[in-house]
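Observations on chain architecture
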Amino acid sequence: MESPNPPHSIPDPSTQPSFPAKFAHQLKHNLIFRSKWAELNGAIGDLGTYIPIVVALTLARDLNLGTTLIFTGVYNIITGTIYGVPMPVQPMKTIAATALDNPDFGVPEIMAAGILTGGTLIILGVTGLMQLVYKLIPLSVVRGVQLAQGLSFALTAVKYIKKVQNLPKSKAMGERHWLGLDGLVLAIVCLCFIVIVNGAGVDVSEGGVEDEEESPSRKNSKKRWRRIMASLPSAFMIFVLGVILAFIRMPKVVHEIKFGPSPIEVVKISRHAWKDGFIKGAIPQLPLSILNSVIAVCKLSSDLFPEKDFSPSSISITVGMMNVVGSWFGAIPSCHGAGGLAGQYKFGGRSGGCVALLGSAKLVLGLALGTSLVTILNQFPVGVLGVLLLFAGIELAMCARDMNTKEESFVMLICTAVSLVGSSAALGFVVGMGAYALLWLRKLGCNEKPNSIINLEA
């Protein structure tokens, strides 16, 4: 007697895609451009923070710009391939600030700080402790850190626009003139151009509510105008303008360019450099890296790309690996940054191809021009850099608009205020966590049902 249930058919292995085929498909999906001009535009979105720090350290502390461009270019390509979103690669700001403020904190100390910070992040990622931190930190505290970082970028951007800057010394040198190749008028025109093209961050191609009484010809005219505006790579156009102006400001810069990569050498780090790098660089940098480079980036990535799954452990490991490898050869300590991600998203970056394109450009420039490129970047209009940085900061700060209750806003604003006034994201984080705990205890004492700690994965 035959069984009433026919046997299950065994899938033919030959019809299943092989691992190389799956890998190639995922690679193509992560790197494919969603929109050619928008992705090109987005690639420029975080240069407002990248260029000033790299130029300052190159001129003030003899950082190897060629090596930094090569390694950060490779980082961009790898992270774009892995995550499939415009995951930025930016300098570690606390380590950079320490180096610029302290003449004794040279390249060996900078690299020691990067290696120690990276090693710690790898340990946190591999052990799963970063995932635990991600789950336990309240969303209101993360938003406070993001708001503080965004406002800090915006305030720095305004200084770049208003004041003449000495980037190697990170000091203002008086009011900027209205006219000139790096004047206020130029910066204001660039700012207005970006606002007209990009608006407040909403895709102009989506349009608004159409008036039913409008004639078809008027509606078509509006749609055509929106398509034209959406196709303009505003940030890229302004960056190209800045490069042209750099050559016009100092035509002799052409003769200072030397072709070929800078020599890549292993940095010799003494015992004293390890000690100073740990105490003055790694310890102050770690809280910011954990909060803004991992926790805030992971949350912001999930907000901007809800269809993607981002693991704090994975992001922590990639940040750590970048520094454990590159810092030995003199590449600037690097991390991901919520501000850079917001800036690239603001200007149209939607895929990993956006940062892979930027990484390829860095790689080519590093191999072709090496450290001599700093002579060009040093002539780049700082006011124009300030405009790019301003929009990156505003985009990051606007993430805080989802705080819906008074308690959440209270904790967020306390964290933001302390972070800005104390110039320390770590101090703002501690105070924000304290405020959150006090509110929780107050509800408990008033016999109210306390809200559980907000899970950032929600």
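Residues numbered from 1 in each chain as written. Predicted model: local features only at pLDDT ≥ 70, side-chain atom pairs only at ≥ 80, totals over all residues. Heavy atoms only, no water.

Summing up its helical and strand segments, the protein has 19 helices and four strands in all. The burial tally for the protein puts 50% of its 458 residues in the buried class. Here the analysis covers contacts within the protein between residues at least 6 apart in sequence; of these, 82% occur between residues at least 24 apart. Of the roughly 22100 Å² that the protein leaves accessible, carbon and sulfur atoms contribute 66%. (Helix = DSSP H or I, 4+ residues; strand = E, 2+ residues; numbered from the N terminus. Buried < 20%, exposed > 50% of the residue type's maximum accessible area, 1.4 Å probe, protein only. Contact = heavy atoms within 4.5 Å. Areas by Shrake-Rupley, 256 points an atom, 1.4 Å probe, with all protein chains shown as cover.)

So, on to the side chain of Thr318. For Thr318, the location among the structural elements is in helix α13 (residues 312-326). Residue Thr318 is classed as buried on the basis of its relative accessible area of 15%. Among the polar contacts listed, one links the side chain of Thr318 to the backbone oxygen of Ile315, at a separation of 2.8 Å. In contact with Thr318, not counting residues within four places along its chain, are Ile82, Tyr83 and His336. (Polar contact = N/O pair within 3.5 Å; in protein donor to acceptor, adjacent residues only side chain to side chain.)

Turning to the confidence of the model for the protein, a few remarks are in order. Low-pLDDT portions of the prediction should not be read for the details of their coordinates. Per-residue pLDDT for the protein averages 84, and the proportion of residues at 70 or more is 87%. Taken element by element, the protein is modelled with least confidence in helix α10 (residues 216-231), mean pLDDT 69, and with most confidence in helix α6 (residues 107-127), mean pLDDT 96. Predicted confidence is poor over residues 202-210, with pLDDT under 50, and the contacts of this stretch with residues over four places away or in other chains come to 10 contacts. Contacts from residues 452-458, a stretch scored under 50 in pLDDT, to residues over four places away or in other chains number 24 contacts. (pLDDT = per-residue confidence, 0-100.)

Applying the stated criterion to the full structure yields seven salt bridges. Of the charged contacts in the structure, one is a salt bridge between Arg143 and Asp402, with a shortest N-O distance of 2.7 Å. One end of the pair, Arg143, is in helix α8 (residues 139-162); the other, Asp402, is in the loop between α17 (382-397) and α18 (406-422), with 259 residues separating them in the sequence. Two residues, Lys163 and Glu175, come together in a salt bridge whose shortest N-O distance is 2.6 Å. Placement of the pair is Lys163 in strand β2 (residues 163-166) and Glu175 in strand β3 (residues 171-175), with a sequence separation of 12 residues. (Salt bridge = Lys/Arg side-chain N within 4 Å of Asp/Glu carboxyl O.)

Think of an α-helix as 3.6 residues a turn; residues three or four steps apart then line up on the same face. Compared with the 30 Å implied by 1.5 Å per residue over 21 residues, the 30 Å span of helix α19 (residues 425-445) between its first and last C-alpha is a close match. In this structure, the buried residues of α19 make contact with α8, α12 (271-304) and α18. (Expected span 1.5 Å × (residues − 1).)

So, on to a nonpolar patch on the surface. Together, Ile264, Val266, Met321, Val325, Trp328 and Phe329 make up a nonpolar patch on the protein surface, roughly 510 Å² of accessible area in all. If you trace the backbone, Val325 turns up in helix α13. Residue Val325 is classed as partly exposed on the basis of its relative accessible area, which comes to 38%. (Patch = residues over 30% accessible without salt bridge, like charges linked within 9 Å, V, L, I, M, F, W, Y side chains within 5 Å.)

This part takes up unusual backbone geometry. Of note in this structure, Asp62 is not a glycine but carries a positive phi near 60 degrees. With respect to the helices and strands, Asp62 occurs in the loop between α3 (47-61) and α4 (65-83). You can call Asp62 exposed: its relative accessible area is 65%.

A few words on the packing of aromatic side chains. For any pair of aromatic rings, the description consists of the separation of the ring centres together with the inter-plane angle of the planes. The final tally for this structure, using the stated rule, is seven aromatic pairs. The interplanar angle of 35 degrees and the centroid separation of 6.4 Å between the aromatic rings of Tyr83 and Phe310 together place this pair among those described as tilted. Placement of the pair is Tyr83 in helix α4 and Phe310 in the loop between α12 and α13, with a sequence separation of 227 residues. We classify Tyr83 as buried; its relative accessible area is 8%. With centroids separated by 5.6 Å and ring planes inclined at 85 degrees, the aromatic side chains of Phe305 and Tyr345 adopt a geometry described as edge-to-face. Here the residue Phe305 occupies a position in the loop between α12 and α13, and Tyr345 occupies one in helix α14 (residues 338-346), the gap between them amounting to 40 residues. Members of the aromatic cluster, connected to one another through ring pairs, are Phe71, Tyr75 and Phe329. Above the plane of the ring of Tyr345 lies Arg350, whose end atom (NZ or CZ) is 3.6 Å from the centre. Lying over the aromatic face of Tyr50, Lys362 brings its terminal NZ or CZ to 4.0 Å of the ring centre. (Phe/Tyr/Trp six-rings, centres within 6.5 Å; stacked < 30°, edge-to-face > 60°. Lys NZ or Arg CZ within 6 Å of the ring centre and 35° of its normal.)

Looking now at the side chain of Gln344. The topology assignment puts Gln344 in helix α14. Each residue touching Gln344, except ones within four places of it in the same chain, is listed here: Gly42, Ala43, Gly45, Asp46, Pro86, Met87, Pro88, Gly349, Val355 and Leu358.

Attention now goes to the packing of α8 against α18. Following both chains from N to C, one finds α8 and α18 inclined at 40 degrees, their axes separated by 8 Å at the closest point. Classified by the angle their axes make, α8 and α18 are oblique. With respect to the hand of their crossing, α8 and α18 are arranged in right-handed fashion. Each of Ser140, Val141, Arg143, Gly144, Val145, Leu147, Ala148, Leu151 and Ser152 in α8 lies in contact with α18, whose residues at this interface are Glu408, Val411, Met412, Leu413, Cys415, Thr416, Ser419 and Leu420. Here the residues of the contact of α8 with α18 sort into 10 nonpolar, five polar and two charged. (Axes fitted to C-alpha atoms, helices over the stretch in contact; angles between N-to-C directions. Parallel < 35°, antiparallel > 145°, perpendicular 65-115°, else oblique. Left-handed = near helix turned anticlockwise from the far one by under 90°. Nonpolar A, V, L, I, M, F, W, Y, C, P; charged D, E, K, R; others polar.)

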